[in-house]
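Survey of secondary and tertiary structure
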Amino acid sequence: MISLILTVRNEGASLPALLDSLLQQTRPPDEIVIVDGGSTDDTSAIIESYLDRLPLRLLGEPGCNISRGRNLAINAARGELIAVTDAGVRLAPDWLQHLSEPLLADPEAVAVAGFFRADPRNTFELALGATTLPGVGEIDGRRFLPSSRSVAFRRDAWKAVGGYPEWLDHCEDLVFDLRLRQRCGPFVFAPQAIAHFRPRPSLPAFFRQYALYARGDGLAGLWTKRHLLRYAAYLLILPLLLLAGALLHPLWWGILVLAGLACLARPLQRLWQMRGGKRWLAALPLLPLIRATGDIAKMTGWPLGLWQRRRTNPPRWR
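Now for a look at the structure at hand. Note that the coordinates shown come from a computational prediction; the quantities given were computed from them, not determined experimentally.

What follows is about the overall build of the protein chain. Secondary structure summary: the protein chain contains 13 helices and eight strands in total. Within the protein chain, contacts between residues at least 6 apart in sequence are counted, and of these 81% link residues at least 24 apart. For the protein chain, the accessible surface area stands at approximately 15,600 Å², while carbon and sulfur atoms represent 59% of it.

Below is the structure:
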């Protein structure tokens, strides 16, 4: 039996696409357990309108964070195989089939990492997807840590690592993945199990998203060296390079431009692969703005997470 779980809060606008995609699954879930964290829009009404078409159960837990909601849903689920996704995605028709096959075929397989792709609706979202979301060809399957938009695992493994960390409200799936990989070994990578994910629609929304992710890193004690290197790059190395450009030969500015293009090589390659119509040309100048905004957001959020960690003294991820 395969149980699909997710949490929602005020997802009335995005839920129909997800639920419609579940209706089209080549291997449908045996049950779907949804925990509502206290929606004030039409989320509940939309879910109830699908009760005659999908094996849905809706649980209410106002105020719970996403980790708590997932743990409640898994506790309530009856299946030994758990698939997890999120509101805000549209699942490929064979998503659950590809995600569950390794677990059904091999009793030794513990967890399966699906994949997700950008599903942009405008030029900004196209540029944001190219900047932040890797292509499948860039992934080392044995090291890949999946988003809980597209993952499946055995109930016993979830229980063995203590479930999703309820003390974290962002980056909770990363900490869960790290604990699962440490205890059970690498995820099986299923790149065909695709969740189509819409990037944030605006620069302020993206800034908030990445600031919250970085706050979660700080709270969990993750990626300290990576964050420190970012501060060094922006607060020390970049000012020195700009000063050198002001004092030295004008050709130095050309070298700086080439260095900047090298830093954007991956986003430029992804954008070329995602091109459609003329939108990709309009998206080009957005790439450096998005990269810089994401870095500044992380430099803003990370110290807040460190401060919160110092104040609350939560457990480390391991």
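Still more ground to cover, so stick around.
Unusually for a residue other than glycine, Trp223 sits at a positive phi of about 55°. Positionally, Trp223 belongs in the loop between helix 8 (203–220) and helix 9 (224–247). Residue Trp223 is classed as partly exposed on the basis of its relative accessible area, which comes to 30%. If you check the backbone angles, Asn313 has positive phi at about 50° while not being a glycine.

This paragraph deals with the packing of helix 5 (residues 123–132) against helix 13 (residues 286–312). Two elements in contact, helix 5 and helix 13, have axes whose closest approach is 9 Å; the angle formed by their N-to-C orientations is 60°. The angle between the axes of helix 5 and helix 13 places the two elements in the oblique class. Helix 13 is crossed by helix 5, and the crossing has right-handed handedness. The segment helix 5 lies against helix 13, with Thr123, Phe124, Ala127, Leu128 and Thr131 engaging Leu286, Leu287, Ile290 and Arg291.

Our next topic: the side chain of Asp217. Mapped onto the fold, Asp217 is located in helix 8. Residues contacting Asp217, with those up to four places away along its chain left out, are Cys171, Leu174, Leu222, Trp223, His227 and Trp302.

Our next topic: the sheet that holds strand 7 (residues 151–154). Hydrogen bonds between backbone groups are what pair the strands of a sheet, and the pairing can be parallel or antiparallel. Strands sit in the order 3-2-1-4-7-6-8-5 across an open sheet of eight strands; the sheet is mixed. The sheet is open, and its two edges are formed by strand 3 (56–60) and strand 5 (89–91), each paired on a single side. When the angles between neighbouring strand axes are averaged without regard to direction, this sheet yields 30°. Strand direction decides the pairing type here: strand 1 (residues 2–8) and strand 4 (residues 81–84), joined by four bridges, are parallel.

Moving on: helix 3 (residues 66–76). Turning to helix 3, its buried residues are Ser67, Gly69, Arg70, Asn71, Ala73 and Ile74. Buried positions along helix 3 lie against strand 1, strand 2 (31–36), strand 4, strand 7, helix 6 (155–160) and helix 7 (172–184). Put simply, Asn65 is the residue that caps the front of helix 3, since its side-chain oxygen is 3.2 Å from the backbone nitrogen of Ser67.

It is worth spelling out the pairing of strand 6 (residues 111–118) at this point. Extensive coverage of strand 6 is indicated by the burial of six of its eight residues. Sheet analysis places strand 6 next to strand 7, joined by three bridges and oriented antiparallel. Residue pairing for strand 7: Ala113 is matched across the bridge by Val151. Relative to strand 8 (residues 188–197), strand 6 runs parallel, the two sharing six bridges. Across the sheet, residue Ala113 finds its bridge partner in strand 8, namely Phe189.

The tally for this structure, following the rule as stated, stands at 11 aromatic pairs. An aromatic cluster is defined as three or more aromatic residues linked by ring pairs; in this entry it consists of Phe115, Phe116, Phe144, Phe189 and Phe197. Across from the ring centre of Tyr164, 5.0 Å away, lies the NZ or CZ of Arg70, which sits over that ring. Between the NZ or CZ atom of Arg226 and the centre of the ring of Trp223, over which it lies, the distance is 4.5 Å.

Throughout the structure, instances matching the rule amount to 15 salt bridges. Ionic pairing is found between Arg57 and Glu31, a salt bridge with its closest N-O pair at 2.8 Å. Taken together, the residues Arg57 in strand 3 and Glu31 in strand 2 connect sequence positions 26 residues apart. Judged by relative accessible area, which is 27%, Arg57 ranks as partly exposed. Taking the relative accessible area as the measure of exposure, Glu31 reaches 1% and is therefore buried. The network of salt bridges with common partners includes Glu31, Arg57 and Arg78.

This paragraph deals with the nonpolar core. By size, the foremost hydrophobic cluster in this structure holds 33 residues, and its most contacted members are Leu22, Ile32 and Trp95. Those residues in contact with Ile32 that sit more than four places away from it in its chain are Leu4, Leu6, Leu22, Leu54, Pro55, Leu56 and Arg57. By size, the runner-up hydrophobic cluster in this structure holds 31 residues, among which are Val35, Ile139, Phe144 and Val175.

Running from amino to carboxyl end, helix 8 crosses helix 13 at an angle of 35°, the nearest separation of the two axes being 6 Å. Crossing of helix 8 over helix 13 shows right-handed handedness. Class assignment of the residues belonging to the contact of helix 8 with helix 13 gives a composition of 15 nonpolar, eight polar and four charged.

Okay, the environment of Cys64 next. Tracing the sequence through the fold places Cys64 in the loop between strand 3 and helix 3. Each residue touching Cys64, except ones within four places of it in the same chain, is listed here: Arg9, Val35, Gly37 and Gly69.

Rules behind the numbers
Residues numbered from 1 in each chain as written. Predicted model: local features only at pLDDT ≥ 70, side-chain atom pairs only at ≥ 80, totals over all residues. Heavy atoms only, no water. Helix = DSSP H or I, 4+ residues; strand = E, 2+ residues; numbered from the N terminus. Contact = heavy atoms within 4.5 Å. Areas by Shrake-Rupley, 256 points an atom, 1.4 Å probe, with all protein chains shown as cover. Buried < 20%, exposed > 50% of the residue type's maximum accessible area, 1.4 Å probe, protein only. Axes fitted to C-alpha atoms, helices over the stretch in contact; angles between N-to-C directions. Parallel < 35°, antiparallel > 145°, perpendicular 65-115°, else oblique. Left-handed = near helix turned anticlockwise from the far one by under 90°. Pairing = 2+ DSSP bridges. Polar contact = N/O pair within 3.5 Å; in protein donor to acceptor, adjacent residues only side chain to side chain. Phe/Tyr/Trp six-rings, centres within 6.5 Å; stacked < 30°, edge-to-face > 60°. Lys NZ or Arg CZ within 6 Å of the ring centre and 35° of its normal. Salt bridge = Lys/Arg side-chain N within 4 Å of Asp/Glu carboxyl O. Core = buried A, V, L, I, M, F, W, Y, C linked by side-chain atoms within 4.5 Å. Nonpolar A, V, L, I, M, F, W, Y, C, P; charged D, E, K, R; others polar.

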